[in-house]
Amino acid sequence: MTLARRTVLPLAALLLAGTSLASAQATDLVIESWRNDDLPIWQEKIIPAFEAKHPDIKLKFQPTAPKEYNSALNAKLDGGSAGDIITCRPFDASLQLFERGKLESLTGMPELQGYPDFALAAWSTDDGKNTFCIPVASVIHGFMYNKDIFKELGLEVPKTEAEFFAVLDKIKENGSYIPLALGTVDQWEAATMGYNNIGPTYWKGEEGRKAVIAGKAKLTDAPYVQPFEEIARWRPYLGDGFEAQSYPDSQNLFTLGRAAIYPTGSWEISPFGKDAQFEMGAFKPPVENAGDKCYITDHVDLGIGINAASPNKEAAKTFIQWVGSKEFAELYSNSLPGFFSLAKEPVTLENPLAKEFVAWRGECDATIRLPYQILSRGTPNLENDLWVVSANVINGKQTPQDAAAQLQKGLASWYGPQQK
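This structure is a prediction, so every number in the text was calculated from the model and none was measured.

**Q** Whenever I open this one, the overall build of the protein chain confuses me. Can you help?
**A** A count of helical and extended segments in the protein chain gives 17 helices and 10 strands. Dimensions of the protein chain along its principal axes, counting C-alpha atoms only, are 95 × 55 × 40 Å. Scored against the burial criterion, the 420 residues of the protein chain give a buried share of 53%. Taking the contacts inside the protein chain whose residues are at least 6 apart along the sequence as the reference set, 76% of them involve residues at least 24 apart.

Here's what the structure looks like:
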């Protein structure tokens, strides 16, 4: 008995020592993010999945309130207290961090080859030679609709512009529902869910967006005026008092079943799924004529990079490589319905409405919101101006031509390629 105890105790001590050694050798990685709502998803799903394959790396998700993220992150990076992994906002905010030497270059990582050019552009230098964050998620613009109302009124999902307005006319004639849930008091909705939603159909997606950046097209050209002309036609279908209707008002009108169609994006899938007591469907921006090529705004939202000052770059790189895997893409996309993987390889989604949105990638060419890359760096800011004039056009206070002229004048006042 005494001998047995003497044998067992050293073995137990050895096992405990081994566990302590493994724990001591584990590398801790801290992830900076503005997505504080995602904390439970990271703790319960994403982190356990990664650590199961990489037990030598321990992750901690450390979010900051969205409005405070940029300033807080900059302060941490300057003070040397930032985490190892940086969640990257698209375009200029992250580009400035890279130019200041705060983000590690990921150029040359094989995983980057799995993403389309428009996704990589959000986290690359203007010349495309350096990429500093791996693309993670995007949101897709379109229209949500109440399937119960469509069934009640015998409506078909519109595919062309003419069919779209015919559907709106039938809803309005019935008188029981507001055809379109959209307000203009907050302004940004008019641009984001209006102009940027339907615009790519007219300016041919990436072709037209890049033409403005290159100075080969002006915002007064027909393809950039036509979206204003269409959203001006939305006015009679928005319901009484839409000029004073806020974003939450529009959301409530739709989820309470009082409006038939909601111009929006996939970011609403999860909250609407909890609030709406009816089956929802989605349709992509209608084309001008039957058979025309379709275009969607598949807007880059979130990437992930490495703190250039991290002492744990090898472990951080291992994590970034996993972020570029199909396992992560499916896990992330299904944990946050409506935030879609930007990888070229399709992922299997579980949410029916998310499936409808993401299916458009296989049918249409994708682009991002017109003013987001390069074009909003100066003063006046193109994105902010677009909010104002889009709301003015819908309100009938500005013509489509005047709105386009104002945008062009503002852009040309500071942006060289538009001064030629």
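Back to the write-up after that little detour.
**Q** Help me understand the state of the cysteines in this model?
**A** Here, disulfide denotes a covalent bond that connects the sulfur atoms of two cysteines. In total, this model carries 2 disulfides according to the counting rule given. Disulfide pairing is shown between Cys 88 and Cys 133; the S-S distance is 2.1 Å. Classification of the bridge connecting Cys 88 and Cys 133 rests on its S-S torsion, roughly -75 degrees, and on that basis the disulfide is left-handed. With Cys 88 in strand 3 (residues 85-88) and Cys 133 in strand 4 (residues 133-146), the pair connects residues that are 45 residues apart, well separated along the chain. Judged by its relative accessible area of 1%, Cys 88 is buried. The buried category is assigned to Cys 133, whose relative accessible area is 1%. Covalent S-S linkage joins Cys 294 and Cys 364, the inter-sulfur distance amounting to 2.1 Å. Between Cys 294 and Cys 364, the S-S torsion sits near -95 degrees, and that sign places the bridge as left-handed. Taken together, the residues Cys 294 in the loop between strand 7 (280-283) and strand 8 (295-306) and Cys 364 in the loop between helix 15 (352-359) and strand 10 (365-367) connect sequence positions 70 residues apart. Take Cys 294: its relative accessible area is 9%, and that puts it in the buried class.

**Q** Looking at this model, I keep getting lost on the nonpolar core. Mind explaining?
**A** Nonpolar side chains tend toward joint burial in soluble globular proteins. In this structure, Phe 228, Trp 234, Ile 261, Ile 304 and Phe 319 are the most contacted members of the largest nonpolar core, which totals 133 residues. In terms of residue count, the dominant contributor to this core is strand 4 (9 residues).

**Q** Explain the side chain of Glu 32 to me, please; I cannot follow it from the model alone.
**A** As for its position among the elements, Glu 32 is in strand 1 (residues 27-33). At 3.1 Å, the side chain of Glu 32 and the side chain of Lys 76 are in polar contact.

**Q** In this structure, what is going on with the packing of helix 10 (residues 222-232) against helix 16 (residues 382-395)? I would like to understand it.
**A** With their axes 8 Å apart at the nearest point, helix 10 and helix 16 run at an angle of 45 degrees to one another. Judged on the interaxial angle alone, helix 16 and helix 10 are oblique. Both helix 10 and helix 16 take part in a crossing whose hand is right-handed. Mapping the contact onto sequence places Phe 228, Ile 231 and Ala 232 in helix 10 and Leu 386, Val 389, Ser 390, Val 393 and Ile 394 in helix 16. Here the contact of helix 10 with helix 16 is built from residues that sort into 7 nonpolar, 1 polar and no charged.

**Q** Can you walk me through the pairing of strand 2 (residues 57-63) in this structure?
**A** Within a regular strand, side chains alternate between the sheet's two faces. Note: strand 1 against strand 2, 7 bridges, orientation parallel. Along strand 2, the bridge assignment pairs Ser 33 with Pro 63. Taken together, strand 1, helix 2 (residues 39-53) and strand 2 constitute a β-α-β crossover, and its handedness is right-handed.

**Q** I'm lost on the side chain of Arg 35 in this one. Help?
**A** Among the structural elements, Arg 35 can be located in the loop between strand 1 and helix 2. Residue Arg 35 is classed as buried on the basis of its relative accessible area of 18%. Not counting residues within four places of it along the chain, the set of residues in contact with Arg 35 comprises Phe 61, Pro 63, Leu 302, Leu 336 and Phe 339.

**Q** I would appreciate a short explanation of the pattern of salt bridges in the present structure.
**A** A side chain of one charge can pair with a side chain of the opposite charge when the charged atoms of the two come close. Taken as a whole, this structure holds 15 salt bridges when the rule is applied. Of the charged contacts, one joins Arg 377 and Asp 92 as a salt bridge, the two residues approaching to 3.0 Å between their closest N and O atoms. On the criterion of sequence distance, the pair formed by Arg 377 in the loop between strand 10 and helix 16 and Asp 92 in helix 4 (residues 92-99) is long-range, its members being 285 residues apart. For Arg 377, a relative accessible area of 37% translates into the label partly exposed. Asp 92 sits in the buried class, given a relative accessible area of 19%. Here Arg 361 ties to Asp 298 by a salt bridge, and the two come within 2.7 Å at their closest N and O atoms. With Arg 361 in the loop between helix 15 and strand 10 and Asp 298 in strand 8, this residue pair connects regions lying 63 residues apart in the sequence. When its relative accessible area of 1% is taken as the criterion, Asp 298 is described as buried. One continuous salt-bridge network, built from bridges that share partners, spans Asp 78, Arg 100 and Lys 102.

**Q** Explanation requested: unusual backbone geometry in the structure shown.
**A** Trans is the common state for peptide bonds, and a negative phi is the common state for residues other than glycine. In this model, Thr 379 is joined to Pro 380 through a cis peptide bond whose omega is 5 degrees. Mapped onto the elements of the fold, Pro 380 is located in the loop between strand 10 and helix 16. Unlike most non-glycine residues, Phe 91 shows phi in positive territory, near 65 degrees. With respect to the helices, strands and loops of the structure, Phe 91 is situated in the loop between strand 3 and helix 4. For Phe 91, a relative accessible area of 5% corresponds to the buried category. The phi torsion at Ile 374 lies on the positive side, around 70 degrees, for a residue other than glycine. Secondary-structure assignment places Ile 374 in the loop between strand 10 and helix 16.

**Q** Explanation requested: the layout of surface pockets in the structure shown.
**A** A water-sized probe, rolled over the atoms, reveals where empty space remains. When its volume is computed, the largest pocket comes out at roughly 1,400 Å³. Trp 34, Arg 35, Arg 89, Asp 301 and Arg 369 are, among the 40 residues lining the largest pocket, the residues nearest its centre. Those elements that provide at least two residues to the lining of the largest pocket are helix 3 (66-79), helix 4, helix 8 (188-203), helix 11 (247-255), helix 12 (269-275), strand 8 and helix 16. Residue composition of the lining of the largest pocket, grouped by class: 18 nonpolar, 11 polar and 11 charged. If you add up the space inside the second largest pocket, you get close to 430 Å³.

Rules behind the numbers
Residues numbered from 1 in each chain as written. Predicted model: local features only at pLDDT ≥ 70, side-chain atom pairs only at ≥ 80, totals over all residues. Heavy atoms only, no water. Helix = DSSP H or I, 4+ residues; strand = E, 2+ residues; numbered from the N terminus. Buried < 20%, exposed > 50% of the residue type's maximum accessible area, 1.4 Å probe, protein only. Contact = heavy atoms within 4.5 Å. Disulfide = S-S within 2.5 Å. Core = buried A, V, L, I, M, F, W, Y, C linked by side-chain atoms within 4.5 Å. Polar contact = N/O pair within 3.5 Å; in protein donor to acceptor, adjacent residues only side chain to side chain. Axes fitted to C-alpha atoms, helices over the stretch in contact; angles between N-to-C directions. Parallel < 35°, antiparallel > 145°, perpendicular 65-115°, else oblique. Left-handed = near helix turned anticlockwise from the far one by under 90°. Nonpolar A, V, L, I, M, F, W, Y, C, P; charged D, E, K, R; others polar. Pairing = 2+ DSSP bridges. Right-handed = clockwise from strand over helix to strand, strands pointing away. Salt bridge = Lys/Arg side-chain N within 4 Å of Asp/Glu carboxyl O. 1 Å grid on protein atoms, 1.4 Å probe; cavity = no way out; pocket = protein on both sides within 12 Å on 5 of 7 lines; lining within 4 Å. Points joined across faces, edges and corners; volume = space filled by probe spheres on them.

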